[in-house]
Amino acid sequence: MHELSITQSILNIAVSSAQKEHAKKVNKITIVLGEMTDFIPQYIQEYYNIVSKGTIAENAELVFKKAPAIARCLDCGHDTHLKDYKFICENCASQNLKIISGKEFFVETIDID
Ligand SMILES: [Zn+2]
């Protein structure tokens, strides 16, 4: 389960930034998750509840924001929202595409007290 290591890094980021701010508690962590990643938010939350025990980020709420899978056509410049793993420009049917969004995974904001 590769969610476990990613969950550990989310926790590390939350704890270290909370400590930097001298916070007592982490309330909420907002995570941006690209549509093209295969992480399952439910697993991340379950792992989080385990690894965060006893830390100042224990019981924080994890909020996942989905980043759409967008590819830019290198032939016509059109941006296509990729669906069903079809890697094709919806404007000109070119397959000469560059992914510009959808692979991201990062902690966007951390709410602390
Ligand atoms: Zn195109």
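Owing to the predicted nature of the structure, the values given are computational and were not obtained by experimental measurement.

Caption draft 1: Representation of the pattern of salt bridges in the model. As enumerated under the stated definition, the model contains two salt bridges in all. Ionic pairing is found between Lys 65 and Glu 108, a salt bridge with its closest N-O pair at 2.8 Å. One end of the pair, Lys 65, is in strand S2 (residues 61-67); the other, Glu 108, is in strand S6 (residues 105-112), and 43 residues separate them in sequence. You can call Lys 65 partly exposed: its relative accessible area is 39%. We classify Glu 108 as partly exposed; its relative accessible area is 37%.

Caption draft 2: A look at the sheet that holds S6. One open sheet accounts for three strands, arranged S2-S1-S6; its pairing is mixed. Since the sheet does not close on itself, it has two edges, and those belong to S2 and S6, each with one partner. Here the average twist between neighbouring strands, direction ignored, is 20°. Note that strand S1 (residues 26-34) and S2 share seven bridges and pair parallel. Looking at the pairing, Val 32 lines up with Lys 65 of S2. On the sheet, helix H1 (residues 3-20) packs against S1 and S6 and is oriented at approximately 40° with respect to S6. Strands S1, S2 and S6 of the sheet are contacted by helix H2 (residues 41-51), whose axis makes an angle of about 155° with S2.

Caption draft 3: Spotlight on the coordination of the zinc ion. Within the protein, the atoms that donate to the zinc ion are Cys 73 (SG), Cys 76 (SG), Cys 89 (SG) and Cys 92 (SG), at distances of 2.3 to 2.4 Å. Classification of the site at the zinc ion as tetrahedral follows from its four donor atoms and the range of 104 to 116° in their angles at the metal. Within one chain, the residues donating to the zinc ion are spaced in sequence as C-x2-C-x12-C-x2-C. Look at Cys 73 and you get buried, because its relative accessible area is 2%.

Caption draft 4: Broad picture of the packing of H1 against H2. It is the contact of H1 with H2, at a shortest axis distance of 9 Å, that shows an interaxial angle of 60°. The angle between H1 and H2 falls in the class oblique. For the pair H1 and H2, the sense of crossing is right-handed. Of the residues in H2, those in contact with Glu 3, Leu 4, Ile 6, Thr 7, Gln 8, Ile 10 and Leu 11 of H1 are Tyr 43, Ile 44, Tyr 47, Tyr 48 and Val 51. The residue makeup of the contact of H1 with H2, split by class, is nine nonpolar, two polar and one charged.

What counts as what
Residues numbered from 1 in each chain as written. Predicted model: local features only at pLDDT ≥ 70, side-chain atom pairs only at ≥ 80, totals over all residues. Heavy atoms only, no water. Salt bridge = Lys/Arg side-chain N within 4 Å of Asp/Glu carboxyl O. Helix = DSSP H or I, 4+ residues; strand = E, 2+ residues; numbered from the N terminus. Buried < 20%, exposed > 50% of the residue type's maximum accessible area, 1.4 Å probe, protein only. Pairing = 2+ DSSP bridges. Axes fitted to C-alpha atoms, helices over the stretch in contact; angles between N-to-C directions. Contact = heavy atoms within 4.5 Å. Donors = N, O, S within 2.8 Å, 3.2 Å for Na, K, Ca; no water. Tetrahedral: all angles 85-135°; square planar, octahedral: opposite > 155°, others 65-115°. Parallel < 35°, antiparallel > 145°, perpendicular 65-115°, else oblique. Left-handed = near helix turned anticlockwise from the far one by under 90°. Nonpolar A, V, L, I, M, F, W, Y, C, P; charged D, E, K, R; others polar.

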